[in-house]
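# Reading the structure
This is what each chain is made of:
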Amino acid sequence: MNTQAELKKHHQLIKKIRRFFDNQGLIEVQTRHLLDYPTTDVYIDSIKTQVNKAFKPELKYLHTSPELEMKKLLANGSGDIYQICQVFRDNEQGQHNFNEFMILEYYRLGFNIHALMDDITNLLKTLGFNQPTTRLSYAQAFKKFAHIDILNTDFDKLKKIAKSHDLYADFEWIEDLQILLFTDLCEPKLKTLPLCFIYDYPKNQSALANTQGQIAHRFEMYLWGIEVANGYEELQHANDYQNCFKHDIDKRATLGKPLVEMDKDFLSVLQKPLPQCSGVAVGIERLALNLLK
Amino acid sequence: MANYSTSQFKNGLKLMLGGNPCSIISNEIRKPGKGQASNRVKLKDLITGKILDKTFKSGESLEGADVMELDLQYIYNDGNTWNFMDPNSFEQYAIDDATIGDARGYLVEQDMCVVTLWNNNPIAVAPPNHVVLEVVDTDPGLKGDSASTGGKPATMNTGIVVQVPLFINIGDKIRVDTRTNEYTSRA
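Per chain, residues are indexed from 1 in the order of the written sequence. The order in which chains are written sets their letters, starting at A; the order in which ligands are written sets their numbers, starting at 1. pLDDT decides what is reported in this predicted model: residues at 70 or higher carry local features, side-chain atom pairs at 80 or more are listed and counted, and totals for whole chains, interfaces and linings draw on all residues regardless. Side-chain numbers come from the whole structure's heavy atoms, not from hydrogens or water.

Backbone-to-backbone hydrogen bonds pair the strands of a sheet. The strands run either parallel or antiparallel. All names here are of chain B. Each pair of strands is called paired provided DSSP finds at least two bridges between the two strands. For the purposes of this entry, the term helix denotes a DSSP run of H or I that reaches at least four residues, the term strand denotes a run of E that reaches at least two, and both are numbered from the N terminus. Strand order in the open sheet made by the five strands is E9-E8-E7-E10-E11, with antiparallel pairing throughout. Both edges of this open sheet fall to strand E9 (92-95) and strand E11 (121-126), since each of them pairs with a single strand only. Put simply, the sheet's adjacent strands are angled 45 degrees from each other on average, direction ignored. In the sheet, strand E7 (residues 67-77) pairs with strand E10 (residues 112-118) via seven bridges, with the strands oriented antiparallel. Residue pairing for E10: Asp71 is matched across the bridge by Val114. Think of each axis as a best-fit line through the C-alpha atoms, taken over the contacting stretch in the case of a helix, with angles from 0 to 180 degrees between the N-to-C directions.

Here's what the structure looks like:
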């Protein structure tokens, strides 16, 4: 159990975060945690549960992120919004991963990812963080830490590089190999950096972010080498989302993972496109642990 | 030998890597917000003693290494090999100079050592943490000096040199910490 001092500290942190957003006029929202559809994300599994067993059994899924529900609000004209909530994920493993954790998720209209990175940096400052900030594009990080031209190295060449580092290389998708190489060659170097943003990911790691040429407008934020936040310049149109969901569902099938359906309600709400905006999810526990190291 | 998947990795597990048997020292699972999990593993190469940092894709599997650790008694050196005996089975193992390595300075007849076997061949010998050695050469001792400042080098009966207090003389038996090569007390 937490001590009273720990509870107070956490309370203060949450209050400061709320004040930061309230002062800028964002609306705090609460979206449903119990959903009709599981996530399609290839490497995230929803926790499913059966409800109404007594009269009309139905499967529901705990949300793994409030993203799609918040995007429905954005498409409906909510304007800038934020949410602080618990999220739930199955099959999580690792020293920093749990089945339940707290997320801060927020969206800013008209922001690109650089404006959003500026905004989070300001948030961290109001929370007491005053260390230097580093920003590296994904390509710069690979060049600097691994001497690899990641955007212009094809799959076969990348497999050879992986083998030369004694790494598993028998991947079916280039993005999985890129991620393994990043974990092995780049991420350990981020441990000495207090705050580091890695941005502009290769297009095939776009997730739900806008792409431009070879790159996707996405960033990840690391505190002392620990991944704390994930931000996107958001896709706006239903058909773009549908393509992403389909790609993920096909990939899940190939990997032998449980089959999932895409969220049709979301796609129908998005017939009215999302306004141009950027959004980010921040792991609150990881933030609290690594902010004032 | 069986294969082990990353989900079975734990400290002390022995695996084959680059043709050498290795032992897992630490295993950290890294699951990115987007993308598949991987295991960042620190291993010790049991042949070279080198520490390796490796990243494995989660689900990848590696061949286990047939490595055993035995408590064996050091019995004698015949000029070519160092000979050990299993006090339970009386089975003997002859180990060459290269495998003995730095342990040679701490091998005392009758002492129990931990011998690592790979495919039944000795690959490493760990002496006890403390051994009793005899001083065969050192500068004359200073009367009245207790374990105070400074010290002097002393050569042991096994050939190694240990820093000892000034009052230690030739013929004295001393206790040495084999992990740090430091004098701990008079024996």
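Glancing now at the interface of chain A and chain B. Each side of the interface is counted separately: chain A has 27 residues, and chain B has 18 residues. Reported buried area values correspond to the accessible surface (1.4 Å probe) lost by two parts on association, with both partners' losses combined. Across the interface of chain A and chain B, roughly 2,100 Å² is buried in total on both sides, 47% from carbon and sulfur atoms. Of all residues in chain A, A:Tyr43, A:Gln93 and A:Tyr168 bury the most surface against chain B, accounting for 23% of the area lost on that side. Among the ionic pairs, B:Arg40 bridges to A:Glu187, the shortest N-O distance being 3.2 Å. Pairing of N or O atoms within 3.5 Å defines a polar contact, subject to two protein rules: one partner must be a possible hydrogen donor and the other a possible acceptor, and residues neighboring in sequence count only if both atoms are side-chain atoms. Our enumeration of links across chain A and chain B arrives at 14 residue pairs in polar contact (both at pLDDT 80 or more). Secondary-structure elements contributing two or more residues to the side of chain A that touches chain B are helix H6 (174-186), strand E10 (215-223) and strand E11 (226-233) of chain A. Only heavy atoms enter the contact rule, under which two residues are in contact if any of them lie within 4.5 Å. Just to be clear on terms, a salt bridge is a Lys or Arg side-chain nitrogen sitting within 4 Å of an Asp or Glu carboxyl oxygen.

Residues and elements named next belong to chain A. The distinction between a cavity and a pocket rests on a 1 Å grid over the protein atoms alone: a 1.4 Å probe fits inside a cavity but cannot get out, while a pocket stays open yet meets protein on both sides within 12 Å along at least five of seven lines, and a residue with an atom within 4 Å of a point counts as lining. Grid points are joined across faces, edges and corners, and a volume is the space filled by probe spheres set on the points. Taken as a whole, the second largest pocket spans an internal volume of roughly 630 Å³. Glu6, Lys9, His10, Leu13 and Ala288 are, among the 19 residues lining the second largest pocket, the residues nearest its centre. Broken down by secondary-structure element, the contributors of at least two residues to the lining of the second largest pocket are helix H1 (4-23), strand E6 (100-109) and helix H9 (284-291). The dominant element in the lining of the second largest pocket, judged by the number of residues it contributes, is H1, at seven residues. Its residues assigned to classes, the lining of the second largest pocket shows ten nonpolar, three polar and six charged. Classification used: nonpolar for Ala, Val, Leu, Ile, Met, Phe, Trp, Tyr, Cys and Pro, charged for Asp, Glu, Lys and Arg, polar for all others including Gly.

Turning our attention to the pattern of salt bridges. Overall, the coordinates contain 26 salt bridges over all chains when judged by the stated rule. Measuring nitrogen to oxygen at the nearest pair gives 2.6 Å for the salt bridge that ties A:Lys60 to A:Asp36. You can see A:Lys60 sitting in strand E4 (residues 58-62) and its partner A:Asp36 sitting in the loop between strand E2 (34-35) and strand E3 (48-51), a full 24 residues away along the chain. Judged by relative accessible area, A:Lys60 falls into the buried class, the value being 15%. Residue class for A:Asp36 comes out partly exposed when judged on its relative accessible area of 31%. A salt bridge links A:Asp176 to A:Lys251; the shortest N-O distance between them is 3.2 Å. Remark: A:Lys251 occurs in helix H7 (residues 238-254) and A:Asp176 occurs in helix H6; sequence separation between them is 75 residues. Overall, the relative accessible area of 4% leaves A:Asp176 in the buried class. Within the structure, one salt-bridge network assembled from shared partners comprises A:Glu187, A:Glu227, B:Glu28, B:Arg30 and B:Arg40. Between buried and exposed lies partly exposed: a residue is buried under 20% and exposed over 50% of the maximum accessible area for its type, with that area taken using a 1.4 Å probe on protein chains only.

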